[in-house]
Amino acid sequence: MGHVKLHIPGPVEISEKTYRAFCQPMIGHRGQGFKDLYARIQPQLQQLLYTRQLVYLSTSSAWGVMEGAIRNLVSRKVLNCMCGAFSDKWLDVSRRCGKDAEGLQVPWGSPIRAAEVDRKLATGQFDALTVIHNETSTGVMSPLAEIAALKQKYPDVMFIVDSVSSMTAVPLKFDELGIDVLLAGTQKALAMPPGLALFVCSPAALAKAATVKDRGYYFDFVEFQKNAAQNMTPSTPSISHIYALESKLQDIFAEGLEARYARHRRTNQLTRDWAARHGFTLFPDPGFESVTLTCVNNGARPGGRVVDAEKLVKLVKDQGFLINGGYGKIKGTTFRVSNMGDETEATMNQLFAAMDNAMKQL
Ligand SMILES: *Cc1c(COP(=O)(O)O)cnc(C)c1O
C-alpha cells in the first residue's frame with residue numbers, strides 16, 4: 001500500500017528535499033561544524049520571526065517549551081486563556097508544574113478577546129498569561145495583535161504565545177508584538193518532521209527566568225540563551241532536525257514570506273469554498289477562522305449539512321489522503337482539513353477531488 005498523504009493538522013506532509021536534508025551524516029554538537037550550522041540559520045530564523053532576539057532550538061515537541069515557559073516565567077499566578085483542547089490543557093499543565101493557575105474559558109469555537117483578558121489582568125493577581133494563537137482543535141485564530149497590545153498596560157505580566165499551527169503561515173512579528181515568548185513545533189506549518197520546537201524570548205522574559213526557582217535544566221531558558229549566544233544548544237540536539245530546518249528555511253526564503261502567507265490564504269479559501277459547496281458550515285465564530293486548517297461542522301447545526309465524519313475520513317483515506325475526524329469533545333461533530341506547509345492550489349485540488357468522490361458515497 002502506498003503512503004497516505006497527510007492533511008491532518010499536524011504532523012503534515014514532508015517534502016523529499018526535507019527528508020534528504022534530515023538524513024545527512026552526523027556531526028558533533030560542540031564542534032565548529034554545528035556552530036557554523038546554527039550561525040548560518042540564526043539570521044534567517046530572526047527574519048522569519050521579525051526579531052533581533054536569538055531564536056532557540058529545543059529538541060522536544062511544542063509541549064516541552066509550553067511547559068518550560070510555565071516553569072521559567074510563573075512565580076505568582078498564571079492566566080491560561082482557554083478556547084479549545086490545546087489551550088484548555090495548558091491550565092492542567094500549569095497546575096502539574098505546581099503553579100497557581102486560573103483559566104479564562106470561552107466556548108469552543110470562539111476566540112480569546114482582549115477585553116476579557118484585560119478584565120482578568122486588571123485584578124493584579126497574574127504575572128504571566130498563556131494564549132494559543134491558532135487553536136488547532138477548533139480551527140479558531142484569536143486576534144493576537146489585539147491581545148498583545150495589552151502588554152503596554154501590564155508590562156510586568158509575561159505574555160506567552162503558542163503559534164504552533166500558525167508560525168510561517170501568517171506574519172508573526174515578535175518584536176513589534178512586544179510579547180515575551182513565541183513558540184512552535186516543526187511538524188505543523190513548517191512542514192518538518194516532529195521532534196523540534198523553535199522559540200524566542202524577550203529580554204524581560206530572560207531577566208524574569210533568572211529570578212524564578214525550580215525551572216529545571218532541560219527547558220531552562222537561561223541555559224538556552226547562554227548556549228545560543230555561542231551557537232549551541234544546552235544538550236545534544238536532534239541535529240537531523242536542524243539540517244532539515246536549514247533546508248526548509250532555504251525553501252521559505254526562496255518562495256518569499258509574503259508569497260508563503262498568500263499561498264496559505266489561497267489554499268485555505270479553497271478549503272472553505274469546498275465546505276460551502278457541499279452545504280457545510282464552519283465551526284469557528286465568523287471572522288475568526290484559521291488560515292491553516294478548516295474545522296467543518298458535520299453534526300446537527302442549524303442550516304448545516306449532516307454526514308458521518310468517520311465514514312468520510314475512511315472514504316477519503318481509501319483514496320490516499322488523511323483528514324481528521326475532529327478532536328476532543330467535538331470529535332464526530334466536526335472534521336478538520338489542513339492546508340499547512342507545502343500545499344498548493346494543485347495539491348489541494350487533488351484532495352478535494354477525493355473528498356468530492358467520498359461525498360458521493362455518503
Ligand atoms: C499540535 C499543537 C500543540 C502540541 O504540539 P506537540 O508538538 O504535540 O507538543 C500545541 N499547541 C497547538 C496549537 C498545536 O496545534
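Overview of the structure.

The rules we used
For every chain, the first residue of its written sequence is number 1, and the numbers climb from 1 along that sequence. In view of the model being predicted, local features appear only for residues whose pLDDT reaches at least 70, and side-chain atom pairs are presented and counted only at 80 or more, with totals across whole chains, interfaces and linings using the full set of residues. As a rule here, side-chain values cover all heavy atoms of the structure and leave hydrogens and water aside. For helices, the axis comes from a line fit to the C-alpha atoms of the stretch in contact; other axes are also lines fit to C-alpha atoms, and the angle between any two N-to-C directions lies between 0 and 180 degrees. For the purposes of this entry, the term helix denotes a DSSP run of H or I that reaches at least four residues, the term strand denotes a run of E that reaches at least two, and both are numbered from the N terminus. Orientation categories follow fixed angle ranges, with anything under 35 degrees roughly parallel, anything over 145 roughly antiparallel, 65 to 115 roughly perpendicular, and all other angles oblique. Crossing handedness follows the turn of the near helix against the far one: under a right angle anticlockwise gives a left-handed crossing, and clockwise gives a right-handed one. Contact definition: two residues touch when any of their heavy atoms are within 4.5 Å. The nonpolar class holds Ala, Val, Leu, Ile, Met, Phe, Trp, Tyr, Cys and Pro. Asp, Glu, Lys and Arg form the charged class, and all remaining residues, Gly among them, are polar. Distances are taken per atom, and a residue is near a molecule or strand as soon as one of its heavy atoms is within 4 Å of it. Whenever a nitrogen or oxygen atom comes within 3.5 Å of another N or O atom, the pair is scored as a polar contact, on the condition that within protein one atom can donate a hydrogen and the other can accept it, and that pairs from neighbouring residues in sequence are kept only if both atoms are in side chains. Throughout, the Shrake-Rupley method with a 1.4 Å probe supplies accessible areas, and for residues the shown protein chains are the sole cover considered. Any Lys or Arg side-chain nitrogen located within 4 Å of an Asp or Glu carboxyl oxygen qualifies as a salt bridge. For two strands to be treated as a pair, DSSP must find at least two bridges joining them. Here the term buried applies to any residue with accessible area under 20% of the maximum for its type, exposed to any over 50%, and partly exposed to those in between, with areas from a 1.4 Å probe on protein chains only.

Overview of the packing of helix H2 (residues 32-48) against helix H10 (residues 239-255)
- Axis separation between H2 and H10 bottoms out at 10 Å; the angle between their running directions is 40°. For the element pair H2 / H10, the angle class is oblique. Considering how the two elements wind past one another, H2 and H10 form a crossing that is left-handed. Seen from H2, the contacting residues are Phe34, Leu37, Arg40, Ile41, Gln44, Leu45, Gln47 and Leu48; seen from H10, they are Ile239, Ile242, Tyr243, Leu245, Glu246, Leu249, Ile252 and Phe253.
- Classifying every residue of the contact of H2 with H10 gives twelve nonpolar, two polar and two charged.

A word on the site of the ligand
- For the ligand, the set of nearby residues contains 13 residues, the closest of which are Ser61, Thr136, Asp162, Gln187 and Lys188.
- At a separation of 2.9 Å, an oxygen atom of the ligand approaches a polar backbone atom of Trp63.
- Take Gln187: an N or O atom from its side chain is 2.8 Å from an oxygen atom of the ligand.
- Contact with the protein chains covers 90% of the free accessible surface of the ligand, which is 380 Å².
- It is helix H3 (residues 62-73) that contributes the most residues to the shell around the ligand, three residues altogether.

Brief notes about the pattern of salt bridges
- Counted by the stated rule, this structure contains 19 salt bridges.
- Across the pair Glu102 and Lys77 runs a salt bridge whose closest N-O atoms are separated by 2.9 Å. Of this pair, Glu102 sits in strand E4 (residues 101-105) while Lys77 sits in the loop between H3 and strand E3 (78-82); the two residues are 25 residues apart in sequence, bridging distant segments of the chain.
- Of the charged contacts, one joins Asp342 and Lys248 as a salt bridge, the two residues approaching to 2.6 Å between their closest N and O atoms. Here Asp342 is found in the loop between strand E13 (334-338) and helix H13 (345-360), whereas its partner Lys248 is found in helix H10, with 94 residues between them in sequence.
- Among the ionic contacts, a cluster of salt bridges with common partners joins Lys17, Lys248, Asp251 and Asp342.

What to know about the sheet that holds strand E9 (residues 181-185)
- As summarised here, the arrangement of the seven strands in space is E2-E10-E9-E8-E5-E3-E4, forming an open sheet in which the pairing is mixed. Looking at which strands have only one partner, the edges of the open sheet turn out to be strand E2 (55-58) and E4. Each strand axis lies, on average, 20° off the axis of its neighbour in the sheet, ignoring direction.
- The sheet contact formed by E3 and strand E5 (residues 128-132) spans three bridges and is parallel. Bridge assignment links Asn80 to a residue of E5, and that residue is Thr130.
- Of the strands in this sheet, E2, E9 and strand E10 (197-201) touch helix H9 (residues 221-228), which is tilted by about 115° from E2.

A closer look at the pairing of E10
- With respect to burial, E10 is a largely interior element, five of its five residues being buried.
- Burial along E10 is two-sided: Ala197, Phe199 and Cys201 facing one way and Leu198 and Val200 facing the other are all buried.
- The sheet contact formed by E2 and E10 spans four bridges and is antiparallel. Looking at E10, one finds that Leu57 is bridged to Leu198.
- Bridge count for E9 against E10 is five bridges, and the pairing is antiparallel. In the strand pairing of E10, Ala184 is matched with Leu198.

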